[in-house]
Amino acid sequence: MAVSEDIELVVEDTQLPRRLKNEVYSVLNEKGISDVETADQVAQRVEHEYVESRVDPLDPVGTVSAQSIGEPGTQMTMNTFHYAGVAEIDVTQGLPRLIELVDARKTPDTPTMKVNLEPEFANDRDRAHEVVWKIEATRILALGDVSTNVADMLVSIDLNEETLRERWPTVDSLDLIVNDISETIESELGVETYHQGTTVEFGPDEPSYRDLLQLVEELRDIVFKGIGDISRVVIRKEEIEGQDEQEFVLHTEGAAFGKVLEIEGVDASRTTTNNIHEVYRVLGVEAARERIIEETMDTLAEQGLDDVNIRHLMLVADIMTNNGEIESIGRHGISGNKESVLARAAFEVTVNHLLDAAVHGESDELDGVTENVIIGKPIKLGTGDVTLRMGASAPSE
Amino acid sequence: MVDATEHELVPEHHLVEEERLEEILDEYNIDRTDLPKIKRLDPALRDVDAEAGDVIRIERDSRTTDTAIVYRLVIE
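Residues numbered from 1 in each chain as written. Chains lettered and ligands numbered in written order. Predicted model: local features only at pLDDT ≥ 70, side-chain atom pairs only at ≥ 80, totals over all residues. Heavy atoms only, no water.

A. View of the overall build of chain B. Helix and strand counts for chain B come out as 1 helix and 4 strands. Listing every helix and strand of chain B by position from the N terminus yields β-α-β-β-β. What you see for chain B is a C-alpha radius of gyration of 13 Å, in line with the 11 Å of a compact globule of 76 residues. Principal-axis analysis of the C-alpha atoms gives chain B an extent of 35 × 30 × 20 Å. For chain B, with 76 residues in total, the buried portion stands at 41%. Pairs at least 24 apart in sequence give 55% of the contacts found in chain B among residues at least 6 apart. Surface accessibility of chain B: about 4,600 Å² in total, with carbon and sulfur atoms responsible for 43%. (Helix = DSSP H or I, 4+ residues; strand = E, 2+ residues; numbered from the N terminus. Rg over C-alpha atoms; globule rule 2.2 N^0.38 Å. Buried < 20%, exposed > 50% of the residue type's maximum accessible area, 1.4 Å probe, protein only. Contact = heavy atoms within 4.5 Å. Areas by Shrake-Rupley, 256 points an atom, 1.4 Å probe, with all protein chains shown as cover.)

B. Spotlight on the overall build of chain A. In terms of helices and strands, chain A carries 18 helices and 8 strands. Per-residue burial for chain A yields a buried fraction of 41% across its 397 residues. Total accessible area computed for chain A in this model is approximately 22,500 Å², and 47% of it derives from carbon and sulfur atoms. Between the averaged position of the 34 positive side-chain charges in chain A and that of its 80 negative side-chain charges there is a distance of 4 Å. (Lys, Arg positive; Asp, Glu negative; His and termini not counted. Charge placed at Lys NZ, Arg CZ, Asp CG, Glu CD.)

C. Structural context of the pairing of strand 2 (residues 144–149) of chain A. Residue and element names in this part refer to chain A. Two strands pair when backbone bridges link them, and strand 2 and strand 3 (residues 154–159) are joined in this way by 6 bridges, in the antiparallel orientation. The partner of Asn149 across the bridge, within strand 3, is Leu154. Counting the residues in the hairpin turn of strand 2 and strand 3 gives 4 residues, including Met153, whose phi is positive at 55 degrees. (Pairing = 2+ DSSP bridges.)

D. Spotlight on the side chain of Glu371(A). Residues and elements named next belong to chain A. Mapped onto the fold, Glu371 is located in helix 18 (residues 369–375). Of the side chains bearing the opposite charge, Lys338 lies closest to the buried Glu371, which forms no salt bridge; the N-O distance is 6.5 Å. Those residues in contact with Glu371 that lie beyond four places of it in its chain are Ser340, Leu342, Ala343, Asp364 and Leu366. (Salt bridge = Lys/Arg side-chain N within 4 Å of Asp/Glu carboxyl O.)

E. Spotlight on helix 5 (residues 94–102) of chain A. All names here are of chain A. Most of helix 5 sits out of view: 7 of its 9 residues are buried. Listing the buried residues of helix 5 in full gives Gly94, Leu95, Pro96, Arg97, Leu98, Glu100 and Leu101. Residue Ala104 follows helix 5 closely and has a positive phi angle near 50 degrees.

F. How the structure looks around the interface of chain B and chain A. In this assembly, 27 residues from chain B lie in contact with 34 residues from chain A. Taken over both partners, the interface formed by chain B and chain A buries close to 2,500 Å², and the fraction arising from carbon and sulfur atoms is 53%. For the pair chain B and chain A, the interface holds 6 salt bridges. A salt bridge links Lys39(B) to Glu325(A), with the shortest nitrogen-to-oxygen separation between them at 2.6 Å. Linking chain B to chain A there are 13 residue pairs in polar contact (both at pLDDT 80 or more). Those elements that place two or more of their residues in the side of chain B that touches chain A are strand 2 (37–39), strand 3 (55–61) and strand 4 (67–75) of chain B. For the side of chain B that touches chain A, the residue count by class is 13 nonpolar, 5 polar and 9 charged. (Buried area = accessible area lost by both parts, 1.4 Å probe. Polar contact = N/O pair within 3.5 Å; in protein donor to acceptor, adjacent residues only side chain to side chain. Nonpolar A, V, L, I, M, F, W, Y, C, P; charged D, E, K, R; others polar.)

G. Representation of the pattern of salt bridges within the structure. Under the defined criterion, the tally for this structure stands at 30 salt bridges over all chains. The closest approach of N and O atoms between Glu295(A) and Arg97(A), which form a salt bridge, is 2.8 Å. With Glu295(A) in helix 14 (residues 285–302) and Arg97(A) in helix 5, this residue pair connects regions lying 198 residues apart in the sequence. The burial state of Glu295(A) is the same as that of Arg97(A); both residues are buried. Between Arg127(A) and Glu130(A) there is a salt bridge, and its shortest N-O distance comes to 3.5 Å. Of this pair, Arg127(A) and Glu130(A) both sit in helix 7 (residues 125–135), 3 residues apart, roughly one helical turn. The exposure class of Arg127(A) is partly exposed, given its relative accessible area of 28%. Beyond isolated ion pairs, a larger network of salt bridges with shared partners links Arg97(A), Glu100(A), Glu286(A), Arg289(A), Glu290(A), Arg291(A), Glu294(A), Glu295(A), Asp318(A), Arg60(B), Arg63(B) and Arg72(B).

H. Representation of a negative patch on the surface within the structure. All names here are of chain A. Side chains of Asp180, Glu183, Glu186, Glu192, Asp205, Glu206 and Asp211 sit close together on the surface and give a patch of like negative charge. Counting residues per element, the negative patch draws most heavily on helix 10 (residues 174–189), which supplies 3 residues. By secondary structure assignment, the location of Glu206 is in the loop between strand 5 (199–202) and helix 11 (209–221). Residue class for Glu206 comes out exposed when judged on its relative accessible area of 57%. (Patch = residues over 30% accessible without salt bridge, like charges linked within 9 Å, V, L, I, M, F, W, Y side chains within 5 Å.)

I. View of the sheet that holds strand 4 of chain B. Residues and elements named next belong to chain B. Pairing in this open sheet of 4 strands is mixed, and the strands run 1-3-4-2 from one edge to the other. On the outer flanks of this sheet lie strand 1 (12–15) and strand 2, each paired with one strand and no other. Strand after strand, the sheet turns through a mean of 40 degrees between neighbouring axes, direction not considered. Pairing of strand 2 with strand 4, which is carried by 3 bridges, proceeds in the parallel orientation. Considered in strand 4, the bridge of Lys37 is made with Leu73. (Axes fitted to C-alpha atoms, helices over the stretch in contact; angles between N-to-C directions.)

J. Broad picture of the domain arrangement of chain A. Per the domain assignment, the segments making up chain A are domain 1 (5–53), domain 2 (65–110 + 274–323), domain 3 (138–221) and domain 4 (335–385). Of note, the centres of domain 3 of chain A and domain 4 of chain A, computed from C-alpha atoms alone, are 63 Å apart. (Domains from an automatic or database assignment.)

K. Region of the structure containing the environment of Asp229(A). Residues and elements named next belong to chain A. Structurally, Asp229 is set in the loop between helix 11 and strand 6 (232–239). In sequence terms Asp229 and Gly254 are 25 residues apart; their C-alpha atoms lie 5.6 Å from each other. Every residue in contact with Asp229, bar those within four places of it in the chain, is listed here: Glu253, Gly254, Ala255 and Ala256.

Here is the structure:
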């Protein structure tokens, strides 16, 4: 940036944060302002606006945030609509997703992950596929046809050679793969298997029609490869953030954040999930805070409501992670842990709270906003918490 | 277990020295229990040797300014 030292001096002298200072520089450059006087005026004016726009002491920021998120919330779609979107993966959106986030549900309605790959995997579709098969759960129905032979009391699996080759790209011998599969069946179901070519057969110990069907049922649930929680993986080519290049990125249906991060080929520094609890468990409270902000902002932006100021969402995330773990906003979380009986009673399930408070002989200090609204006293916020004396002169000496 | 500190979502966590802590608490005029909390076993603290009662300094990339510095009290 080509600004003179004098200009730099006046701009650096202001209280502006780095980002705004840089913006001042670039505007000065753009407009070709080189004289210090004008630059100083610009900087002063920007600083004035900046200071003006800051939150005043005793401003009810929480209430303002609630309104600022609540109003656009009324414009959101009420129905979860599952759609074949860009990634062909169903994701809960709109109001249901926002509610899910602030309620801090243990698992989201549609858990999903964005899996970034190490460079050597991210640029090669075949290698990216290797990772896909390590993540996506492979069950028997994907591998071949299962039929029951009632006369001989046998379950027979006719494996598809092509599928096997595709899903075990690193194993050359077909025999080894089939062997692997039958061993998995043996250890999971506790039966003996016989295999020849690509056919695997097994049956119950005692000839019983019920046991035979039971075995087929159990067979369907066995995960031969990949992670059980992840039912589908989609590969997409995406721009690398801030660069012109593209890379392969995996999107999953279902999430197992901790497990996926440990898989070879997965970039454990960029991969994320929409399950904030998993982020909390694996990466800690700060990362969870970050994800809450990103997810709430994305949910709003997706509905065209991205003019909600990020500071409101940051406040929400700060409060939700204030105790070192994720707490929901609501009766079981933040609002339910309030000190004041009246404030809790005013929120939800009024009678229960009043009854419990009476049983335990609780008292209310009347410090908060809600309590004072209930009893009709001025709240301790804004002009309610300062006393003004008109016409008093400052002490002279 | 994966190294959480390697992930881009995880900002840097450092232990605050006791003398420095007094200054910070004085500056904001608060007690250390007024600070937000962080669990002792938080994955992001694996490289920090923290005990309950210590204070952690966290340097976040901020969306509204360059870096935001926040403090969390280690609990449990």
